[in-house]
Amino acid sequence: MKRRSFLKTALASSATAPFLLNGVEARATSPLQFLAQLPTAAEDDRILIICQLFGGNDGLNTAPPVDDPKYYEIRPNIAVPKKDCWNGIPNVYLHPALTWGDKGGIASMLQQGSLAVVRNIGYPNPNLSHFRSTDIWLSGINDSNVQSRLDTGWVGRYLSQKYPTFPANLPDDPLAIQFGGFSLALESKVGRMGIEVSDPSKQQGVISANDALDDQSAGTAYYDEYQFVADIAARSDKYAQRVKTAYASGKALLKAKYQNDSFGKQMANTAALIAGGLKTKVYVVSLGGFDTHVTQTYDSTNGAHPSLLYSFSDAVAQFMYDMVKLNMADKIIGISVSEFGRRPDENGSFGTDHGTASVQFVFGTQVNSGIFGTQFDLTNRDESNDLVYSVDFRSVYMDILMKWFGMTIEDARVVLKDDTLTPISVIQAQHDAVQQPRMSKTDFSITSIYPNPFRDQTTIVLELPDTETVSLEVTNLAGERVAEVFMQTLAAGVHQIPISLAVASGSYIVCARTSKLIVTKAIHCIR
Amino acid sequence: MDRRTFLTSWRSSGSRFDNNFTPLERSLTTGLEPYVPSVSAPWDEIRAGHLLRRTMMSPKWADMITLLDKTPSQAVDILLNTPSNPMKPAVADHDTESRAGLDAVLVNQLIGTWGGDATQLREWWAGVLLNSPLSIIEKMTFFWSGHFTTQFNVDNVDYVQAPLLYRQNNLLRSLALGNIRDLTFAITLDPAMLVFLGGDVNNKVHPNENYSREVMELFTMGLGQYSEGDVKEAARILTGWHASRYNDEPAQNGLFNAFFDPNAHDTGAKQYLGVTFSATPADENTEFLVKKNEVGKMIDTIFEQRKQAVATFICRKIYRFFVYSSPGGTDETVIAAMAQIFMDNDFTVGPVISKLLKSAHFFDNANIGAQIKTPAEFVIGLGRQLGYAANVTSNMSSMLQTVFNPPNVSGWTGWHDWITTNTFPVRASIAATAITALSDQQALTFIGQFPNNNDADKLIDAIGALMLPRRLSKQRHDDLVSRIVGGGKSYEWNAILTTSPATAARNLRDMLTTLTSLPDFQLC
């Protein structure tokens, strides 16, 4: 959609529709305010943070299914006791390590409305190899032929499409920054789309090459590798000073207290570079050690896995604190990626072996804060006795490519090389982002929608903790309303709401709002 | 042309930097037939240097001269047949107590001790590599250490102590060119490996699948050759083994060795890769018999049931290490031929390496200089060529290669991962430090090793042949000559060298600073 027509649609709907209820938390209700805030959400300013949790994070202990007695049966030594879990939202339990630290960790972000927890995330035909599964997650391609090489990343493919003359024309600021080693996520067919940084205060450049290749080298691998090395030199030379300068000015603006561990430093460095005005679009940070075969915990809430969760959660919470203070939070989202979860049953070494479905976090003020995906079902296992996923991780990538990076569904599918993918609405539709009140704690949810996909009728199941005025509407993936279902007051409890929709085939978002919360779920119409 | 202009000038259409770029299709016409020197592929400093760069940590000039005196085949035989028997370091037998029962302060002290021991062991091996005789053994050991990996620091949860790492390193060295089925069997019960991949805690009640998966995925056959059921069954086969690593625990086979606990072993029948392992009767549940009938049989099963896959998987890795990191196209034919030799020799790897290194393919012009130097090759190479031996292991670590502590169980990814905007400048500054450290006397000794060193053109060509993988182009030759004569004419060199040695040394350092930051100095 062109910006002009998008504005018209947005303004028209805000003038006529009861977007905000009860007059509470009414922010940016006037078209003028809305316009004034638009530039902050401009697509080119948006930043994505990818947090790689290498080794396979144990989803079951991250968001434990504490009401399922089976959980305690199969994990007699390492299950997290219900009494120790965070339970700031009814029916939602998180590992206590996610609350540790002076900012309350990412659990407090869930309470404040800036965290989506996607449960049971995975992909079909799971591969239990660290390396293959990491490649699948970072490439965004689930190719079950293990002989096929996954050599480009989903972000790399997106960036190389958006910047077709890269790297012959290097942008003023690096397109992407990777801390530490190198991530497949940023690789494209024209090479890596970013630069690698260790300590941004000491970023160096190298000026290399004063003479070239002789005739003998034409068409050889030597020629290719020489060019690769020379290109890295050119990039290091171009960006070293820029990175140092941005870091120095940004660091002075930070207020949060990051841990002095590797992940804390990486998040602090990311915060400083963003605060310092670097126009980099994607940052990749990583935390290893999640391969917890042995001694994952030494008592219920301490040990290797809890300290990893703490490192991650505290650094993210510190980072968001800085970004909110600096008024930059609305242009940042972050995701965690980990190649798989762990086997539900513990092994004999106080640990867990490789498994399948896990938990993913999506953070930022622009996410649809809440719980996505189904509860882990410990009785429904695959042939390897592993969990069966309910959300394909690529549906989160789809949402990022479409809502955050402004791609059409067709283009996003091209990036992910799969024309059957649909998004899961973890991110708020960006045109009305500024109008939405921040979430607060509740267990208001769309429990399910069935049938889905549907032809012309489907039923939405809503669950309400208290009596609430609820408005229900359906939007397309661009966020334009295609149907207003109703607005009425509903009692606490479960409600089944049948709806008829005369819409074209495709994906839509069901959006339910109360005074406190907006929840969304994707539906798919097939005609 | 200034440096910056140059940097963009070679970006022509169809190169890597064109969005229509498609990766190079490898289409070499050479195979494993013996390399026969010819006018177009002479046995000269370039090819002798190529052989040394790939089989050792960078050549010394004297090594090149030695090999040029032989035929290529004789040269390879020297490298294969010269043993390497390094002296045992003191830290190899440093026994410590376990953590059990110690308070936090003492535990931290103990972990500090283990870390210090690991550093000493690392420096020991760096020294061995630096001073290696004319032999492939240390490079080959390096290859296996990146294949049958073990990390000293296991995610800050456990630590594989230096005495165990030393013994594993020695095992890899002893079978570096030997039978890889035997090596796989030995590594399966190697104490360092038992600790690293959970074998030490693998018991019949709750088997630990860590090693049973990696031995198939990463060490032998690769993905797609086994089922998740095979992972589970192998874990059961491998239950019951422990490593003795502390002086305050019983060590029934002696300290730093593996031993068997029959009570932790799953004696039930197993199905593994289509082969039935019948239940082990109680009287056969002994160390000797389980080692033979279960562990030995499991490794034999891998090499029999997945013979072709194992041969191909390991040979591809050898190819990537010795020839080119990103094989494709016609390279697959060469890898298949290597795999056949491997199988024909009952998985003894020496004949495969010999055939490969003596082949026309290995010496093909297209393969010379096509590898990216590892941090080890870069740092130890500077030591071997310029005599700079300070901070070897910490310099390697600053470029993300720490021996005895690879990033994860799959070892180092290598290839393009070795050059980033972070590590390339680190390379340049390490080289600059090494060059600055060259005293005038050392610089003159360096110059003195080359024949006709009073002729600037010949000197630069010789230094180029020693330090860069391919012959210098005319333009580069002229630039480096101009630097060594301090911007003057090449004929002035003789006068500088004889009348002003300090100037000669300074000019050499200046020339080397340029040379070591070139893209092709990062290649080998």
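Residues numbered from 1 in each chain as written. Chains lettered and ligands numbered in written order. Predicted model: local features only at pLDDT ≥ 70, side-chain atom pairs only at ≥ 80, totals over all residues.

J.: Now, about the overall build of chain A: what can you tell me, with residues and values included?
T.: The helix and strand inventory of chain A stands at twelve helices and 20 strands. Counting only residues that meet the buried cut, chain A has 55% of its 527 residues in that class. Pairs at least 24 residues apart make up 71% of the contacts formed inside chain A by residues separated by at least 6 positions. (Helix = DSSP H or I, 4+ residues; strand = E, 2+ residues; numbered from the N terminus. Buried ≥ 20, exposed ≤ 12 C-beta atoms within 10 Å, placed from the backbone. Contact = placed C-beta atoms within 7 Å.)

J.: Residues and numbers for the interface of chain B and chain A, please.
T.: Across the contact, 61 residues belong to chain B and 61 residues belong to chain A. Of all elements in the fold, only α1 (3-9), α10 (210-220), α18 (423-436) and α21 (474-484) of chain B reach the threshold of two or more residues within the side of chain B that touches chain A. Take the side of chain B that touches chain A: its biggest share by element is four residues, from α18(B). Class assignment of the residues belonging to the side of chain B that touches chain A gives a composition of 24 nonpolar, 22 polar and 15 charged. (Nonpolar A, V, L, I, M, F, W, Y, C, P; charged D, E, K, R; others polar.)

J.: Kindly report on the packing of helix α8 (residues 221-251) of chain A against helix α9 (residues 262-275) of chain A, identifying the contributing residues and their values.
T.: Residue and element names in this part refer to chain A. Packing of α8 against α9 leaves a shortest axis separation of 7 Å and a crossing angle of 95°. The orientation of α8 with respect to α9, classified from their angle, is roughly perpendicular. Across from Val-243, Ala-246, Tyr-247, Gly-250 and Lys-251 in α8, the residues of α9 making contact are Ala-272, Leu-273, Ile-274 and Ala-275. Classifying every residue of the contact of α8 with α9 by side-chain character gives seven nonpolar, one polar and one charged. (Axes fitted to C-alpha atoms, helices over the stretch in contact; angles between N-to-C directions. Parallel < 35°, antiparallel > 145°, perpendicular 65-115°, else oblique.)

J.: Describe helix α3 (residues 61-68) of chain B, and please don't skip the residues or the numbers.
T.: One turn of an α-helix holds 3.6 residues; hence residues three or four places apart share an orientation. Residues and elements named next belong to chain B. For α3, the complete set of buried residues consists of Asp-63, Met-64 and Leu-67. End-on, the buried residues of α3 take up no more than an arc of 100°, which puts them together on one face. Residues of α3 that are buried in the fold lie against α2 (45-55), α4 (72-81) and α20 (456-467). (Arc of directions from axis to C-beta.)

J.: Give me the confidence of the model for chain A: which residues, what numbers.
T.: When pLDDT is averaged across chain A, the result is 85; 86% of the residues are at 70 or more. Of the regions scoring below 50 in pLDDT, residues 432-442 of chain A engages in 35 contacts with residues more than four places distant in sequence or in other chains. (pLDDT = per-residue confidence, 0-100.)

J.: Can you tell me about the nonpolar core, naming the residues and giving the values?
T.: Ranked by size, the top nonpolar core spans 162 residues in total, and within it Leu121(B), Val160(B), Leu165(B), Cys315(B), Met338(B), Phe342(B) and Ile484(B) carry the most contacts. In terms of residue count, α8(A) provides more of this core than any other element does, ten residues in total. Core analysis: the second largest hydrophobic core is formed by 110 residues, Val80(A), Ala315(A), Tyr397(A) and Ile427(A) among them. (Core = buried A, V, L, I, M, F, W, Y, C linked by C-beta atoms within 7 Å.)

J.: Go over the environment of Gln266(A), please, and point to the residues and values.
T.: All names here are of chain A. Considering the arrangement of structural elements, one finds Gln-266 in helix α9. According to the C-beta neighbour criterion, Gln-266 is buried, with 25 such atoms within 10 Å. Separated by 68 residues in the primary sequence, Gln-266 and Ser-198 have C-alpha atoms spaced 8.5 Å apart. When neighbours within four sequence positions are excluded, Gln-266 is seen to be in contact with Phe-179 and Val-285.

J.: Break down the packing of α21(B) against helix α23 (residues 501-516) of chain B for me, citing the residues and quoting the values.
T.: At a minimum axis separation of 7 Å, α21(B) and α23(B) run at an interaxial angle of 150°. Taking contact as the criterion, the partners of Leu480(B), Arg483(B) and Ile484(B) in α21(B) are, on α23(B), Asn507(B), Leu508(B), Asp510(B), Met511(B), Thr514(B) and Leu515(B).

J.: Provide a residue-level description of the pairing of strand β4 (residues 115-122) of chain A, including the pertinent values.
T.: Residues and elements named next belong to chain A. Most of β4 is tucked away: eight of the eight residues are buried. As defined by bridge partners, β4 adjoins strand β11 (residues 358-363) across five bridges and the pair is classed as antiparallel. Paired with Val-117 across the two strands is Phe-361, which belongs to β11. Two elements, β4 and strand β12 (residues 370-372), share three bridges in a ladder whose sense is parallel. Bridge pairing in β12 links Ala-116 to Gly-370. Here two bridges tie β4 to strand β13 (residues 391-392), and the two strands are oriented parallel to one another. Its bridge partner being in β13, Gly-122 is matched across the sheet by Asp-392. (Pairing = 2+ DSSP bridges.)

J.: Could you give an account of the sheet that holds strand β18 (residues 493-500) of chain A, naming the residues involved and the relevant values?
T.: All names here are of chain A. Strand order in the open sheet formed by three strands is β14-β15-β18, with antiparallel pairing between adjacent strands. Edge strands, defined here as strands with exactly one partner in the open sheet, are β14 (445-450) and β18. Sheet twist, expressed as the mean angle between neighbouring strand axes with direction ignored, is 20°. Note: strand β15 (residues 457-464) against β18, eight bridges, orientation antiparallel. Note on β18: the bridge partner recorded for Leu-462 is His-495.

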